[in-house]
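Below are the chains, spelled out letter by letter.
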Amino acid sequence: MRAYRLLLGFYPPEVRAEYGREMCLVFVDRCREQASGAGLLVVFLRAAASLVLAAPEEHIHMIAQDLRYAGRMLRKSPVVTAVTVVVLALGIGATTVVFSLANGLLVRPLPYPHPEQLVAVDESAPQHNMPSLGVAFPNYQDLRARNSTLVDLALYTSSSATLTGAREGLRIAAAQATDGIFRVLGLRPQLGRVFQPEEGLPNAPRVCLLGDRLWHDQFGADPSLLGKSIHLDGRPVTVVGVMPAGFHFPDQAELWLPLRLSTASQKRTDHWLEGIARLKSGVSLALADQQLKSIMRQIARENPVTSYDQTVNVLPFRAQITSSYRSAVLTLLGAVLGVLLIACANIANLLLVQAVDRTREIAVRSALGASRGRLLRQLLIESLLLGGLGAAAGLGLALVGIPCLLALIPVELPSWMRFGLDLRVLAFTVAAAVVTSLLISLAPAHVCSRLSLTETLKEGGRSGLTGLRGERIRRLLIVGEVALSLTLLIGAGLMARSFLALSAVPAGFDPRRVLTLEVAVPQVKYHEAARKLALTRRVREEVAGVPEVTGVAAACFVPLMDAWGRSLTVEGHRLLSLKEAPMVNHTVVTPGYFRALGIPMIEGRDFTEADGKDRLVAIVDQDLARRYWPHASALGKRVRFGPPEDNEPWHTIVGVAGVVRNQTLLELGRSSVYLSFGEIPNGGGGLSLIVRSAGDPLRVAAAVRRRIVALDRDLAVSQLRSMEQVVAISIWRQRFFTILFVAFAALALLLAAVGLYGVMSYAVSRRRRELGLRVALGARAGDLRRLVVGQAVRLTLLGLALGGAGALALTRLLSSQLYEVKPTDPSTYEAMAALLVVVTVLASALPASQAARSDPILALRDD
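The rules behind these values
Residues take numbers from 1 onward in each chain, read along the sequence in its written order. Side-chain atom pairs in this predicted model are given and counted only at pLDDT of 80 or more, local residue features only at pLDDT of at least 70, and totals for whole chains, interfaces and linings cover all residues. Only heavy atoms go into the side-chain values, all of them from the structure, while hydrogens and water stay out. Think of a salt bridge as a Lys or Arg side-chain nitrogen and an Asp or Glu carboxyl oxygen that are within 4 Å of each other. When accessible area is computed with a 1.4 Å probe and restricted to protein chains, residues below 20% of their type maximum are described as buried, those above 50% as exposed, and intermediate ones as partly exposed. A helix here means a DSSP run of H or I that spans at least four residues, while a strand means a run of E at least two residues long, and both kinds are numbered starting from the N terminus. The term nonpolar core refers to a set of buried residues drawn from Ala, Val, Leu, Ile, Met, Phe, Trp, Tyr and Cys, joined through side-chain atoms within 4.5 Å. Between two residues, a contact is recorded if the distance between any of their heavy atoms is within 4.5 Å. Cavities and pockets are defined on a 1 Å grid built over the protein atoms alone: a cavity is a set of grid points where a 1.4 Å probe fits but cannot escape, while a pocket is an open set with protein on both sides within 12 Å along at least five of seven lines, and lining residues are those with an atom within 4 Å of any such point. Grid points are joined across faces, edges and corners, and a volume is the space filled by probe spheres set on the points. Residue polarity follows a fixed list, in which Ala, Val, Leu, Ile, Met, Phe, Trp, Tyr, Cys and Pro are nonpolar, Asp, Glu, Lys and Arg are charged, and the others, Gly among them, are polar. Each residue carries a pLDDT value, the predictor's own confidence for that position, ranging from 0 to 100. Axis lines are fitted to C-alpha atoms, over the contacting stretch for helices. Their N-to-C directions set the angle, which ranges from 0 to 180 degrees.

**Focus: the pattern of salt bridges**
Note that side chains of opposite charge can pair when their charged atoms are close.
Right, so step 1: Tallied over the full model, the rule gives 24 salt bridges.
Right, so step 2: With a shortest N-O distance of 2.9 Å, R144 and D152 are connected by a salt bridge.
Right, so step 3: Residue D152 is classed as buried on the basis of its relative accessible area, which comes to 6%.
Right, so step 4: One salt bridge in this structure joins R144 and D179, with 3.5 Å as the shortest N-O distance. Here D179 lies in the loop between β4 (170–177) and α7 (181–185) and R144 lies in helix α6 (residues 137–146), a separation of 35 residues in the sequence.
Right, so step 5: Taking the relative accessible area as the measure of exposure, R144 reaches 27% and is therefore partly exposed.
Right, so step 6: Judged by relative accessible area, which is 15%, D179 ranks as buried.
Right, so step 7: In this structure, a network of salt bridges that share partners links the residues R144, D152, D179 and R183.

What follows is the structure, given as structure tokens:
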């Protein structure tokens, strides 16, 4: 009853404080009777409770006194303080950098109203093993009209447009979207209006919305621009609105155009659009997913030929756009927390040594009346002060580290990926500093909680019991450091081997000395196929005249940058079901494409200028040829795109080319079928140019650009890259996470080596008398070296056993990120364990040398 009255405030503050201390003392005594660990934890709680329950003036006085004393103790040991702050800064700084990455990707809300209501809508074909297809426009219209769980459903696709009419065409990142996109996102323009439904019809007047940055940079933020026309791709387009600053959906779009489609022009088999929707208030994700799946089943029954095996999935929008990053970021965050734990273990070892050396001081203070809680609170405040200094230095490192982190990313990230120090990151850093302070103070506090006052004062401050207890704790901390280090090293080794294997994958072409670029062709000027063909020929001729250029070709896309998939019908191969129809990469190229990219021609010939006009021909890759004609030549056979019902024209195979990884290096992907550029269906759009040079391809980039712009100033040239850069960009995420993981594993190894060196050096200094006696009894220098190194190796072997078990758990998380490497690869485990043993021997070599030089006379005299 007294406790309840106490909590309800019936007593004054000084009484509450005194009774609170009494309750804590009783509780501590009971816990210590059961388990020393629980008792130690409660002693910390008692120290904190005494601060909370104390009167305000007493509270402030005690904290100020403890802080002054802690400052004096830190100044008294400047080397220990400096080492502690540096190690904590490395651990907390690295953790802050990675958390800022996780915060920007997985935690920070998307910059839209009520982002939790945004969902992604995506079709899939499970029977074709295609978990993500995109959305077909006719299916979108049915899903939008029949559902009752969504505020609206919209489609969009990333695009680009050329701002013409100036001195040189300017390529702008753009997006095409249906009229509901801004209603789904919950945004309004700062000027003007959004799209109207009728503006999405194929023959509607052309309109656009500008981004704030484009409006300022190119049009001087002129508000009178509304209702006026600008020229995009050579056509006049009316500006109807300007979006707010900072809006760039999707990716880095600065211009938005209506998606001008119709059911007549789009098929249910054309899945190339992305869907986004907003849930109605009170509607769950599961309910929306269930309803849209039901509607999709109705669509499949109504259209069995085109949609029989398709379904639709409703997913959280954030989960959809971060799905390729989530597991890697979480694994990386776990790795850097492991580094922080190793740093904590190192600092705990250092402070433990200091605490053992301070046992006489603590015993004297206890004899003069200081309570155990007061002493532990003093140690806690010293640790908090160190943690605060380490966190401040860590934030400084994070300010430098985040830009360095972003410099490793070779692509422009979407606008919603914002990395930096915000309140959430700062709160995380403060929490990390507090938790770290608690962790590094546990071991010294445990030693001091078991301090024998009589024995300590009698032995002159060198309590044997305390020394033995401290020695056991130091060894346990080293074992933990080695275990964590091995876990991280194995993870880093697996990721490094995976990335090296991925980098060595033959792409099917020779990327050396090849320049790639995109040329945007205004549709209004080149709407006829003949005009675009003539332009393409002139561009190739002009570029071929540049010194050092040895080959030029054009294509609809560059390998590893884009791919267009279509179903294929092979003559003579009857399909039992549409499920058997193969999906292939549909690539349109000019003559010289295979030579410019170094793709071998296995059989037959390359395209000629006459192909596509006088005769319809195709070139297939070796993978498709082996699949359908394993015992015969593919030359002379015929293929056509689409299912049999489409009745598209047949193409005669005139060549078999080598297999090219068009989509990604991670997997072979779809086979490729190449058509001649003479068959392009219309004259608009852009083209990709492949230029082979005799030397560095980037040296000829400026001359190539000038030649192309000289033909027509409305031709916008962009994305000038070497093919080696294209290959590197295609695997940038694997390289990025591998570099970070290896860096953190190396830091963990360094910290573990430093910790092991510190423990062994201290052990040698504490055993001077024993080592001196061994020398006096005939021990040789080699015997003493083996004694010290053997002790370090035994600790390492115990840590290796624990670390191996931890690595097995970690590699389960890494399995989805590994390429051609098993998570349980024995050679990696053995190599990393051997590396740790070598580091252990090296780290203990200097302490072992010190032990070998022990002088028995000096050791006995000092004692």
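Now that the structure has been shown, we can carry on.
**With respect to the nonpolar core**
Right, so step 1: Ranked by size, the top nonpolar core spans 110 residues in total, and within it L105, I181, L185, F247, F249, W256 and I276 carry the most contacts.
Right, so step 2: A total of 16 residues in this core trace back to one element, the largest contributor, which is helix α23 (residues 732–766).
Right, so step 3: In this view, W256 contacts A175, F182, F195, V207, C208, L209, L210, G211, M243, F247, H248 and F249; residues no more than four positions away in its chain are not counted.
Right, so step 4: In terms of nonpolar packing, the next biggest core, distinct from the first, is built from 30 residues, F509, V514, V617 and V654 among them.

**A look at the layout of surface pockets**
Right, so step 1: Roughly 530 Å³ of volume is contained in the second largest pocket.
Right, so step 2: Forming the walls of the second largest pocket are 23 residues, and the residues nearest its centre are V83, N346, L350, V754 and G758.
Right, so step 3: Elements supplying a minimum of two residues to the lining of the second largest pocket: α5 (78–107), α12 (323–357) and α23.
Right, so step 4: Broken down by element, the residue count for the lining of the second largest pocket peaks at 9 residues, all from α23.
Right, so step 5: Of the residues in the lining of the second largest pocket, the class split is 15 nonpolar, 6 polar and 2 charged.

**Concerning the confidence of the model for the protein**
Right, so step 1: In this model, the protein carries an average pLDDT of 81, and 83% of its residues clear a pLDDT of 70 or more.
Right, so step 2: Overall, residues 22–41 carries pLDDT values under 50, and its contacts beyond four positions in sequence, including any with other chains, amount to 24 contacts.
Right, so step 3: Per-residue pLDDT stays below 50 along residues 460–466; that stretch engages in 15 contacts with residues further than four places along the chain or on separate chains.

**With respect to unusual backbone geometry**
Right, so step 1: Note the cis peptide between F249 and P250, where omega equals -15°.
Right, so step 2: Checked against the element boundaries, P250 lands in the loop between β8 (235–242) and β9 (255–258).
Right, so step 3: At D233, a position not held by glycine, the phi torsion is positive, near 55°.
Right, so step 4: With respect to the element layout, D233 can be found in the loop between β7 (229–232) and β8.
Right, so step 5: Given a relative accessible area of 21%, D233 falls into the partly exposed group.

**Here's the deal with the packing of helix α26 (residues 826–843) against helix α27 (residues 845–852)**
Packed helix pairs are specified by the crossing angle of their axes together with the interaxial distance, meaning the distance between the axes.
Right, so step 1: At a minimum axis distance of 4 Å, the contact between α26 and α27 shows a crossing angle of 35°. Contacts from V841, L842 and A843 in α26 reach A845, L846 and P847 in α27.
Right, so step 2: Among the residues making up the contact of α26 with α27, the classes are represented as 6 nonpolar, no polar and no charged.

**What to know about the side chain of D714**
Right, so step 1: Topologically, D714 is positioned in the loop between α21 (701–711) and β22 (716–722).
Right, so step 2: Overall, the relative accessible area of 9% leaves D714 in the buried class.
Right, so step 3: Apart from the residues lying within four places of it in its own chain, the contact partners of D714 are T162, T164, G165, G169, A520, P522 and K525.

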